[in-house]
Amino acid sequence: MDEKLHILIVDDDIVDRMAIGRALRNTGLSISLVEATDCADAIKTLQEQSFDCAFLDYRLPDQDGLDLIRQLDELGIRVPLIVLTGQGDEQLAVEIMKAGASDYLAKSKVTPERLSQVLQNAVRLSRAERAAELANQQLRTTNEQLLRQNQELESQRQQIECQNKKLIEASKLKSQFLATISHELRTPMNAIMGFSQLLREQYPDPLTAQQLDMVSRILNNSQNLLVMLNEVLDFSKIEAGHLNLRVSDFDLVKLVQLTAEELRVLAIQKSLFLDLDIRLQNPEVHTDQDCIRRILMNLIGNGIKFTETGGVRITVQALENDTLEIGVQDTGVGIPSDYLTAIFQPFRQADQTLTRLHPGTGLGLAITKSLVEAIQGSITVDSQVNQGSTFWVQFPRRVSPP
Ligand code: ADP
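About the thresholds
Residues numbered from 1 in each chain as written. Predicted model: local features only at pLDDT ≥ 70, side-chain atom pairs only at ≥ 80, totals over all residues. Heavy atoms only, no water. 1 Å grid on protein atoms, 1.4 Å probe; cavity = no way out; pocket = protein on both sides within 12 Å on 5 of 7 lines; lining within 4 Å. Points joined across faces, edges and corners; volume = space filled by probe spheres on them. Helix = DSSP H or I, 4+ residues; strand = E, 2+ residues; numbered from the N terminus. Nonpolar A, V, L, I, M, F, W, Y, C, P; charged D, E, K, R; others polar. Buried < 20%, exposed > 50% of the residue type's maximum accessible area, 1.4 Å probe, protein only. Lys, Arg positive; Asp, Glu negative; His and termini not counted. Salt bridge = Lys/Arg side-chain N within 4 Å of Asp/Glu carboxyl O. Polar contact = N/O pair within 3.5 Å; in protein donor to acceptor, adjacent residues only side chain to side chain. Domains from an automatic or database assignment. Contact = heavy atoms within 4.5 Å. Buried area = accessible area lost by both parts, 1.4 Å probe. Patch = residues over 30% accessible without salt bridge, like charges linked within 9 Å, V, L, I, M, F, W, Y side chains within 5 Å. Areas by Shrake-Rupley, 256 points an atom, 1.4 Å probe, with all protein chains shown as cover. Expected span 1.5 Å × (residues − 1). Bend = angle between axes of the 7 residues up to and from the residue. Pairing = 2+ DSSP bridges. Axes fitted to C-alpha atoms, helices over the stretch in contact; angles between N-to-C directions. Core = buried A, V, L, I, M, F, W, Y, C linked by side-chain atoms within 4.5 Å.

1. As for the layout of surface pockets
- In this structure, the second largest pocket occupies an estimated 340 Å³ of space.
- Lining the second largest pocket are 17 residues, with Arg78, Val79, Pro80, Gly100 and Glu129 positioned closest to its centre.
- Counting residues per element, the ones that place at least two in the lining of the second largest pocket are α3 (65-75) and α5 (112-200).
- At six residues, α5 tops the list of elements feeding residues into the lining of the second largest pocket.
- A per-class count over the lining of the second largest pocket returns nine nonpolar, three polar and five charged.

What follows is the structure, given as structure tokens:
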């Protein structure tokens, strides 16, 4: 031990004090000594200064060593204590150790070597104890902090849970509202369309060219509106989990051809081509026909809607592991790359201004994605602004039972 040790010797006998002091100085350790002659003196000194160790004569004039140890403990004075006992005090020594002394030493066995050993052991032990206590204290503080943070986190979690519940409730209400409103709007829409169809057929009286043009416009716009209402209704049904698969065996190629024919008139109106490129040997599939029809309607419909020159090409082919792929490629406006990730989210449109060129609810691709997932497939998109977009739908030839 290199540093100077500050040591207290408590003994009423001056000869004994000198003997211990001499022995301590002969240990070769760097030491500074303070002396006390009785318990009261020792307590006062220990309260005033801090020591690395105290040597304590067991028999003191005012109290015995055991009482002093207890008193120091009560006062919270922590110092390694080495009790010096007389001949035959071994039993006492055990009591002293139990009370909290670091060590004991018979006065008759005091030698510099023995003192040095006992002293260094006591100091090391006391320092180790203090370090452990400090570490324990820090651990307790950290624990308390963690506990507090945990409580805060728990209360935040509860708040978030509560907000989540409210949001779910609000979202449910919104879906219900959308479902009701679109359902209710479809009835008058059907009446408008029915009557304008009758008028367009010039029933009951013939129309002038201008009247015919107006009626055709009413019918056209009503059809667009109905498509949008159906999208909103479909979306709210899907959100409410009401999408039930109806699986059957059918010819995929025929379905693609029929759906393309249904939409061909829209392509013709814009002078666009609508090509089919079928590379499927076996057209038989076992999946939900209506889902695939609606996926095709949405993707081909978008292709035509967002293309002004060129057209739309539909490819159908088989990949590995009985997976089929439908591609819908257009030569239209394309989709900005920073928008591509959001494209399948509901109500997201690349152009969200009210003056946008193309009408729509922003639900078509969200519905399409849900439909693709319902038939256990996946949908991806490649697109370049002003060059066009290609949507790829991959799905199993046979949908597995849920
Ligand atoms: P809507 O067509 O009703 O706006 P969709 O969900 O079908 O809604 O499409 C969302 C948005 O994705 C569209 O508004 C458009 O910005 C973009 N988009 C979809 N398909 C195409 C396409 N083929 N070409 C360019 N943009 C497209």
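Once you've had a look at it, read on.
2. Some remarks on the side chain of aspartate 288
- You can see aspartate 288 is positioned in strand β8 (residues 284-288).
- We note that aspartate 288 is buried and unpaired, the nearest opposite charge coming from arginine 246 at a distance of 5.2 Å.
- In terms of polar contacts, aspartate 288 uses its side chain to reach the backbone amide nitrogen of aspartate 290, at 2.9 Å.

3. As for the domain arrangement of the chain
- By the assigned domains, the chain splits into domain 1 (5-110), domain 2 (167-239) and domain 3 (247-396).
- Spacing between the C-alpha centres of domain 2 and domain 3 amounts to 23 Å.
- On the side of domain 3, twelve residues touch domain 2, which itself brings seven residues to the contact.
- Both faces considered, domain 2 and domain 3 share a buried interface measuring about 820 Å² in area, 74% of it formed by carbon and sulfur atoms.
- On the domain 2 side of the contact with domain 3, Glu231, Phe235 and Ile238 bury the most area, a combined 59% of that side's loss.
- Across the contact surface, domain 2 and domain 3 share one salt bridge.
- Across the pair aspartate 234 and arginine 294 runs a salt bridge, and its minimum N-O distance is 3.0 Å.

4. Some thoughts on a nonpolar patch on the surface
- Residues Ile14, Val15 and Met18 make up a contiguous nonpolar surface patch of roughly 300 Å² in combined accessible area.
- Examined against the element boundaries, isoleucine 14 turns out to sit in helix α1 (residues 14-25).

5. Topic: helix α7 (residues 252-269)
- End to end, α7 covers 27 Å across 18 residues, agreeing with the expected 26 Å (1.5 Å per residue, within 8%).
- The axis of α7 is deflected most strongly, by about 40°, at leucine 263.
- Listing the buried residues of α7 in full gives Leu252, Val253, Leu255, Val256, Thr259, Ala260, Leu263 and Ala267.
- Among the residues of α7, the N-terminal cap falls to aspartate 251, whose side-chain oxygen and the backbone nitrogen of valine 253 are separated by 2.9 Å.
- A positive backbone phi angle near 55° is found at serine 271, which sits one or two residues after α7.

6. Quick notes on the sheet that holds strand β1 (residues 5-10)
- Ordered by their spatial adjacency, five strands build an open sheet running β2-β1-β3-β4-β5, and the pairing between neighbours is parallel. The outermost strands of the open sheet, each flanked by one partner alone, are β2 (31-36) and β5 (103-106). The mean angle between the axes of side-by-side strands here comes to 20°, regardless of whether they run parallel or antiparallel.
- Lying on the sheet, helix α2 (residues 39-48) is in contact with β1 and β2; it crosses β2 at an angle near 135°.

7. What to know about unusual backbone geometry
- Look at serine 271: it is not a glycine, yet its phi comes out positive at around 55°.
- By the element assignment, serine 271 lies in the loop between α7 and β7 (273-279).
- For serine 271, a relative accessible area of 65% gives the class exposed.
- The phi dihedral of asparagine 386 falls on the positive side, at around 65°, and the residue is not glycine.
- Considering the arrangement of structural elements, one finds asparagine 386 in the loop between β11 (378-384) and β12 (388-396).

8. Concerning the nonpolar core
- Ranked by size, the top nonpolar core spans 46 residues in total, and within it Leu252, Ile292 and Phe391 carry the most contacts.
- Elements supplying a minimum of two residues to this core: α6 (209-239), α7, α8 (289-305), β9 (311-318), β10 (323-330), α9 (364-374), β11 and β12.
- Counting residues domain by domain, this core receives three or more from each of domain 2 (167-239) and domain 3 (247-396).
- What leucine 252 contacts, discounting residues up to four positions off in sequence, is Leu280, Pro283, Val285, Ile292, Val316, Leu324, Ile326 and Phe395.
- Ranked by size, the runner-up nonpolar core spans 24 residues in total, among them Ala42, Phe51, Ala54 and Ile96.

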